[in-house]
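Descriptive analysis of the structure
Next come the chains, spelled out residue by residue.
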Amino acid sequence: MQIWEKMGFRDNPYDKDSLEVSEQGSNLFIDRDSESKYFQTVLSSASGGLVMVEGDVGVGKTSFINIQQYQSLKKKDDMPYLLPCFETVEICEPIDTFQILLSVLSHCFQALESILKDEIKKDDRLNEISRLIGQSILSSLSWQAGVSIPGGAGGSVGLGSTKTQTVPAGVSAQILINALDNMQKIIREKYGFEGVYVLLNNLNVISDSGIVALFDRMRDIFVKRKNFWWILLARKGIFSMMERESSRASEMFNGEPIVLAPLPWPEIERAIDLRIKYFRTREDAEPPVPIEIVHLLYDISKGEIRYIFKRITDLVINFKSKYPSTGAINYDEALLTLRQLAAERLKEQRSLSKTDWVVLEKMADAGEFRPKDFQWFGLKSAQSLNKYIQKFLELNLLYRFEEGKASIYRCAGDVKLYYQKK
Ligand SMILES: Nc1ncnc2c1ncn2[C@@H]1O[C@H](COP(=O)(O)OP(=O)(O)OP(=O)(O)O)[C@@H](O)[C@H]1O
Ligand SMILES: [Mg+2]
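Every value quoted in this text rests on a predicted model; they were computed, and no experiment measured them. (Residues numbered from 1 in each chain as written. Chains lettered and ligands numbered in written order. Predicted model: local features only at pLDDT ≥ 70, side-chain atom pairs only at ≥ 80, totals over all residues. Heavy atoms only, no water.)

1. Looking at the packing of helix α5 (residues 97-116) against helix α7 (residues 173-189)
Axis separation between α5 and α7 bottoms out at 9 Å; the angle between their running directions is 25°. Here α5 lies roughly parallel to α7, going by the angle between them. α7 is crossed by α5, and the crossing has left-handed handedness. In this structure, α5 uses Phe98, Leu101, Leu102, Val104, Leu105, Cys108, Phe109 and Leu112 to contact α7, whose residues at the interface are Ala173, Leu176, Ile177, Ala179, Leu180, Met183 and Ile187. Per-class residue counts for the contact of α5 with α7 are 15 nonpolar, no polar and no charged. (Axes fitted to C-alpha atoms, helices over the stretch in contact; angles between N-to-C directions. Helix = DSSP H or I, 4+ residues; strand = E, 2+ residues; numbered from the N terminus. Parallel < 35°, antiparallel > 145°, perpendicular 65-115°, else oblique. Left-handed = near helix turned anticlockwise from the far one by under 90°. Contact = heavy atoms within 4.5 Å. Nonpolar A, V, L, I, M, F, W, Y, C, P; charged D, E, K, R; others polar.)

2. Focus: the domain arrangement of the chain
Domain boundaries assigned for the chain yield domain 1 (5-9 + 263-347), domain 2 (31-260) and domain 3 (354-419). If you average the C-alpha positions of domain 1 and of domain 2, the two centres end up 36 Å apart. Opposite the six residues of domain 1 that make contact, domain 2 presents five residues. Summed over both partners, the interface of domain 1 with domain 2 buries about 430 Å², with 45% contributed by carbon and sulfur atoms. (Domains from an automatic or database assignment. Buried area = accessible area lost by both parts, 1.4 Å probe.)

3. A look at helix α4 (residues 61-73)
For α4, which comprises 13 residues, the first-to-last C-alpha distance of 19 Å matches the rise-based estimate of 18 Å (1.5 Å per residue) to within 8%. Among the 13 residues that make up α4, 12 are buried, leaving the element largely enclosed by the rest of the structure. The complete set of buried residues in α4 reads Lys61, Thr62, Ser63, Phe64, Ile65, Asn66, Ile67, Gln68, Gln69, Tyr70, Gln71 and Ser72. A positive phi of about 50° marks lysine 75, the residue just after α4. (Expected span 1.5 Å × (residues − 1). Buried < 20%, exposed > 50% of the residue type's maximum accessible area, 1.4 Å probe, protein only.)

4. A look at the packing of α5 against helix α8 (residues 208-224)
Close contact between α5 and α8 brings their axes to 11 Å; oriented N to C, the two are set at 50°. The pairing of α5 with α8 is recorded here as oblique in orientation. Helix-helix and strand crossings are classified by hand; for α5 and α8 the assignment is right-handed. On the side of α5, the interface is formed by Thr97, Ile100 and Leu101, while α8 contributes Leu214, Arg217, Met218 and Ile221. Looking at the contact of α5 with α8 residue by residue, the class counts come to five nonpolar, one polar and one charged.

5. Digging into the site of ligand 1
As a structural note, the neighbourhood of ligand 1 is formed by 21 residues, with Ser18, Lys61, Thr62, Ser63 and Arg306 the closest of them. When ligand 1 sits alone it has 630 Å² of accessible area, and the protein chains cover 94% of it. At the level of elements, α4 and α13 (305-322) are the ones that each hand at least two residues to the shell around ligand 1. Its residues assigned to classes, the shell around ligand 1 comprises nine nonpolar, six polar and six charged. Domain assignment of the residues forming the shell around ligand 1 places at least three in each of domain 1 (5-9 + 263-347) and domain 2 (31-260). (Near = heavy atom within 4 Å. Areas by Shrake-Rupley, 256 points an atom, 1.4 Å probe, with all protein chains shown as cover.)

6. Section: the side chain of asparagine 254
Among the secondary structure elements, asparagine 254 is positioned in the loop between α10 (247-250) and β8 (258-260). Assessed through its relative accessible area of 18%, asparagine 254 is described here as buried. Sequence-distant contacts of asparagine 254, defined by excluding residues within four places in its chain, comprise Val42, Ala46, Gly48, Gly49, Leu50 and Trp229.

7. Side note on the pairing of strand β6 (residues 195-201)
By the criterion of burial, β6 is predominantly enclosed, with seven of the seven residues buried. The two faces of β6 match: Gly195, Tyr197, Leu199 and Asn201 on one face and Val196, Val198 and Leu200 on the other face are all buried. Of the strand pairs in this sheet, strand β2 (residues 82-83) and β6 are connected by two bridges, and their pairing is parallel. In the sheet register, leucine 82 faces β6, and the bridge partner there is glycine 195. Bridge count for strand β3 (residues 89-90) against β6 is two bridges, and the pairing is parallel. Bridge pairing in β6 links valine 89 to leucine 200. (Pairing = 2+ DSSP bridges.)

8. Some points on the layout of surface pockets
The volume enclosed by the second largest pocket comes to roughly 400 Å³. The wall of the second largest pocket is formed by 21 residues, among which Asp17, Ser18, Leu19, Glu20 and Asn66 lie closest to the centre. Counting only elements with at least two residues in the lining of the second largest pocket, the list comes to α2 (23-28), α4 and α11 (265-279). Among the elements that take part in the lining of the second largest pocket, α2 stands out by supplying three residues, more than any other. Looking at the lining of the second largest pocket residue by residue, the classes come out as seven nonpolar, eight polar and six charged. (1 Å grid on protein atoms, 1.4 Å probe; cavity = no way out; pocket = protein on both sides within 12 Å on 5 of 7 lines; lining within 4 Å. Points joined across faces, edges and corners; volume = space filled by probe spheres on them.)

9. Section: a negative patch on the surface
Together, Asp15, Glu20, Glu87 and Glu90 make up a region of like negative charge exposed at the surface. Checked against the element boundaries, glutamate 87 lands in the loop between β2 and β3. (Patch = residues over 30% accessible without salt bridge, like charges linked within 9 Å, V, L, I, M, F, W, Y side chains within 5 Å. Salt bridge = Lys/Arg side-chain N within 4 Å of Asp/Glu carboxyl O. Lys, Arg positive; Asp, Glu negative; His and termini not counted. Charge placed at Lys NZ, Arg CZ, Asp CG, Glu CD.)

10. Overview of unusual backbone geometry
Glycine aside, residues mostly have negative phi, and peptide bonds are mostly found in the trans state. In this chain, glutamate 93 is followed by proline 94 through a cis amide linkage whose omega measures -5°. Within the secondary structure, proline 94 is located in the loop between β3 and α5. At aspartate 78, a residue that is not glycine, the phi angle is positive and equals roughly 60°. For aspartate 78, a relative accessible area of 76% puts it in the exposed group. Phi at lysine 117 is positive, roughly 50°, even though this residue is not glycine. Checked against the element boundaries, lysine 117 lands in the loop between α5 and α6 (124-144).

Structure (structure tokens):
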């Protein structure tokens, strides 16, 4: 923090974390007007349901939904008054309905606790739910460790599909579903909320078949729970994949997916200007890096705002730790440091062979490409290019983007920085 204070800021103006459900978050949010309006229309069209928010990595999905939740909490623009979900529920494979339900219940409870504070302790019915969460966590941990709890029910529970799942001894998934329903009733009747937000995240890293399984197993929970808004945060193209693979699942959604594109360049400039003004402690505090550097990072990452913020933060910290008494960093110094940092990160990729590096450099030169472009890389078939693609994807050296039905690939920003010819 000291680094920023010395430069005249009370905090890092390039903080890479998602904007929170808070006044600060809402002050720093660059409007996504049409998407916000669409979201609000969907909310006003039903008392609960499913909404998909899609977008490339680090584009602003969590921030977008957090600010919508804040608007709800403040009842702005006729938004329904819904209990926010301050942290996202992370979905992972294999899909485990019990764990998802437990996580949802405990996130809802935490949100309630942070809004109602001590009042929650006086509520017997909520206390009972809190005990149930504790008991479920305990039994699920001991179940994972292979320990059986005496007197527990355990067993297999079918959840809205022919597939069955084993649940930990002691608490069944159905008990958690009932608790969710109860909680929803209590907060409506006693605390005036109209419903609950649940944010399901991490669909980016779930395989297509995992996503289909999630909807298969959670179908009844998603569709039949009253007054729950299930918000799914996912990579671009998931919804159309679902339409292809399981129309039953895609039909569960309210409205079209909300697709967040990267913020246009002038908006990024505005976002930074806003943060500089918001965090500065001295009127004359200058942005620590020139705007041209931000622009360069914008170009190489195709507008991934989180990448831009992360790299600027790394750059400032690295530079200031070496030269603490200098003022703002100039363009050449900044570029040199960025490239050095990129080189250091790439050096850690010890599993790459000489030919891997050659192909990677060609990919960085190519900009965007598809498997059918294998000849550019001096390869014999799309299949052989695919092998490199898979390897680089796993190492986060490459990103995949969906355009219609086609998958397009592009090198990560660091790879481009490293190979940038200048
Ligand atoms: N509309 C916006 N206005 C201002 N800053 C934003 C906006 N959207 C995103 N940001 C900033 O961009 C960064 C990334 O945002 P966020 O974490 O919401 O992206 P994400 O799409 O959820 O990422 P991931 O794919 O990892 O889940 C954060 O620093 C956040 O503060
Ligand atoms: Mg996110």
